[in-house]
Amino acid sequence: MDLTHRPRRLRQDGIRSLVSETSLEPSDFIAPIFVDATTDERVPIESMPGHERVPVDEAIARVEEVRETGVEAVMLFGIPESKDPEGTRAWAEDGVVQEATRRITSETDAYVITDVCLCEYTDHGHCGPLAEELRGESGGGGVPEGTCGHDGAVSTDTMTVDNDATLESLEKIATSHAESGADMIAPSGMMDGMVGAIRGALDEAGFKGVPIMSYAAKYESAFYGPFRDAADGAPSFGNRRHYQMDPANAREAIREVELDVEQGADVLMVKPALPYLDIVSDLRREFDHPIAAYNVSGEYAMLHAAAEKGWLELDEVALESLLSIKRAGADLILTYFAETVAEGLSAGS
Ligand code: PBG
């Protein structure tokens, strides 16, 4: 056979790594950590094998474990000791994330990113205070009687998160995180104008140098299920589709992300990652900013579940998933696989 083109020439052992287009480093990863004010012991998260909620007293130890694998950055999520309709514990000076951030940033070299959202702090589990007319109907506080069926179905036109009231809370949260020493602020609530509001508040409080990583294209995804158990942030009724994006939409992601760019976002995130690699790739083409992708709890849980059954080889599928996310155009990857994959990379596997 006289073939001119034989792509297999470049797939031989000696040359494969020379022509490899994508490589992963432990420094590409951000490890999510759950700090829980309701416990004084580490509590395993059942649907996310290998992950735990840790008390504030264990926060430094937890971060040191991450750093030992070569991963340099962590994303902190908090589970507060109490919840209310407004989520006031989210900006408390002695709040769980504020306290953990103070300790971690003073005792370790970790780069600390804080998730700025209200869903773990509100008693109804939505990402901001509910609109006035609803709270009026319910007599001041919770979910209105009669709109929340036992099946959890609620008609979205009878309730909503109050966008502009939420912005005021997000400003307070972000500022309190920065005051506690957070290196970067990551708003995840998908409120209109959130990046601009937070940028303004940080600048005014003297934190001009603290960057914002916006969860810029965050979809209303069923892949967040295990996280909502882990962080106790499931909406007690309804869903988040009136603020998070419709999984059907790709062009809308560009418009949504453009707004965050105009408002001063420093890093642009797509979430989830694997089912949305087209969006990662679109953003990589459209914007020069660093692109982050969040390989979410459900993406982690499904590989673990299949591996437990012996149907997939965990280390291999984890590595291939993260490599694909990077190949699609992500510079930073938030992933629950951060530690195990980083260890594998360092061991040269
Ligand atoms: C909201 C938030 C969520 C996740 C990160 N930040 C949950 C949600 O929007 O319901 C999900 C992360 C994951 O699934 O790993 N603060």
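Enquirer: It is not clear to me how the site of the ligand should be interpreted in this structure. Could you clarify?
Expert: Near the ligand, the surroundings consist of 17 residues, among which Lys218, Arg228, Lys271, Ser297 and Tyr336 are the closest. Asp115 places a polar side-chain atom, nitrogen or oxygen, 3.3 Å from a nitrogen atom of the ligand. Within the side chain of Arg240, one N or O atom sits 3.1 Å away from an oxygen atom of the ligand. With the chains in place, 100% of the 410 Å² that the ligand exposes on its own is no longer accessible. In this structure the site holding the ligand corresponds to the largest cavity. Taken together, the residues that form the shell around the ligand break down as eight nonpolar, three polar and six charged.

Enquirer: What is the right way to look at the pattern of salt bridges in this model?
Expert: Applying the stated criterion across every chain, the model contains 17 salt bridges. One salt bridge connects Arg42 with Glu58, and the closest N-O pair in it is separated by 2.9 Å. Residue Arg42 is found in the loop between strand S1 (29-36) and strand S2 (43-44), and its partner Glu58 is found in the loop between strand S3 (52-54) and helix H2 (59-68); the two are separated by 16 residues along the sequence. Take Arg42: its relative accessible area is 23%, and that puts it in the partly exposed class. Glu58 sits in the partly exposed class, given a relative accessible area of 29%. Of the charged contacts, one joins Arg284 and Asp331 as a salt bridge, the two residues approaching to 2.8 Å between their closest N and O atoms. With Arg284 in helix H9 (residues 277-286) and Asp331 in the loop between helix H11 (314-328) and strand S10 (332-335), the pair connects residues that are 47 residues apart, well separated along the chain. Residue classification places Arg284 among the partly exposed residues on the basis of a relative accessible area of 26%. Here the salt bridges do not stand alone but share partners, grouping Arg42, Glu52, Glu58, Arg62, Glu65 and Glu339 into one network.

Enquirer: What am I meant to see in the environment of Phe34 here?
Expert: Tracing the backbone shows Phe34 in strand S1. Phe34 has contacts with Ile45, Met48, Glu52, Arg53, Val54, Phe77, Ile79, Phe227, Ala230, Ala231 and Tyr336, leaving out every residue within four places of it along the chain.

Enquirer: Help me understand the packing of H9 against H11 in this model?
Expert: When two helices pack together, their arrangement is given by the angle between their axes and by how far apart the axes lie. Their axes nearest at 8 Å, the elements H9 and H11 cross at an angle of 35 degrees. Between H9 and H11, the contacting residues are Leu277, Val280, Ser281 and Arg284 on the first element and Ser324, Ile325 and Ala328 on the second. Tallied by class, residues from the contact of H9 with H11 come to four nonpolar, two polar and one charged.

Enquirer: How should I be thinking about empty space enclosed by the protein in this particular structure?
Expert: Applying the stated criterion across every chain yields a total of two cavities of 30 Å³ or more. The computed volume of the largest cavity comes to approximately 120 Å³. Lining the largest cavity are 16 residues, with Cys119, Lys218, Phe227, Arg240 and Lys271 sitting closest to its centre. Classifying every residue of the lining of the largest cavity by side-chain character gives seven nonpolar, three polar and six charged. Its volume calculated, the second largest cavity comes out at about 40 Å³. A per-class count over the lining of the second largest cavity returns five nonpolar, one polar and one charged.

Enquirer: What exactly am I supposed to notice about the confidence of the model for the chain here?
Expert: Parts of the model with low pLDDT should not have their predicted coordinates read in detail. Of all residues in the chain, 92% have pLDDT values of 70 or greater, and the mean over the chain is 92. Below pLDDT 50 for its whole length, residues 133-156 participates in 32 contacts with residues either more than four positions away or in separate chains.

Enquirer: Any chance you could explain the state of the cysteines here in plain terms?
Expert: A covalent bond bridging the sulfur atoms of two cysteines is what the word disulfide describes. One pass over the full model with this rule turns up zero disulfides. No disulfide involves Cys119; its nearest neighbouring cysteine sulfur is the one of Cys117, lying 4.0 Å away. We classify Cys119 as buried; its relative accessible area is 7%. This cysteine, Cys127, is not joined by any disulfide, and Cys117 carries the nearest cysteine sulfur, 3.6 Å off.

Enquirer: Is there a simple way to think about the layout of surface pockets in this case?
Expert: One simple way to see leftover space: roll a probe sized like a water molecule over the atoms. Here the largest pocket is characterised by a volume of approximately 320 Å³. Among the elements of the structure, H2, helix H10 (297-308), H11 and helix H12 (338-346) are those that each provide at least two residues to the lining of the largest pocket. Residues of the lining of the largest pocket, tallied by class, amount to nine nonpolar, six polar and five charged.

The rules we used
Residues numbered from 1 in each chain as written. Predicted model: local features only at pLDDT ≥ 70, side-chain atom pairs only at ≥ 80, totals over all residues. Heavy atoms only, no water. Near = heavy atom within 4 Å. Polar contact = N/O pair within 3.5 Å; in protein donor to acceptor, adjacent residues only side chain to side chain. Areas by Shrake-Rupley, 256 points an atom, 1.4 Å probe, with all protein chains shown as cover. 1 Å grid on protein atoms, 1.4 Å probe; cavity = no way out; pocket = protein on both sides within 12 Å on 5 of 7 lines; lining within 4 Å. Sits in = over half its atoms within 2 Å of the grid points. Nonpolar A, V, L, I, M, F, W, Y, C, P; charged D, E, K, R; others polar. Salt bridge = Lys/Arg side-chain N within 4 Å of Asp/Glu carboxyl O. Helix = DSSP H or I, 4+ residues; strand = E, 2+ residues; numbered from the N terminus. Buried < 20%, exposed > 50% of the residue type's maximum accessible area, 1.4 Å probe, protein only. Contact = heavy atoms within 4.5 Å. Axes fitted to C-alpha atoms, helices over the stretch in contact; angles between N-to-C directions. Points joined across faces, edges and corners; volume = space filled by probe spheres on them. pLDDT = per-residue confidence, 0-100. Disulfide = S-S within 2.5 Å.

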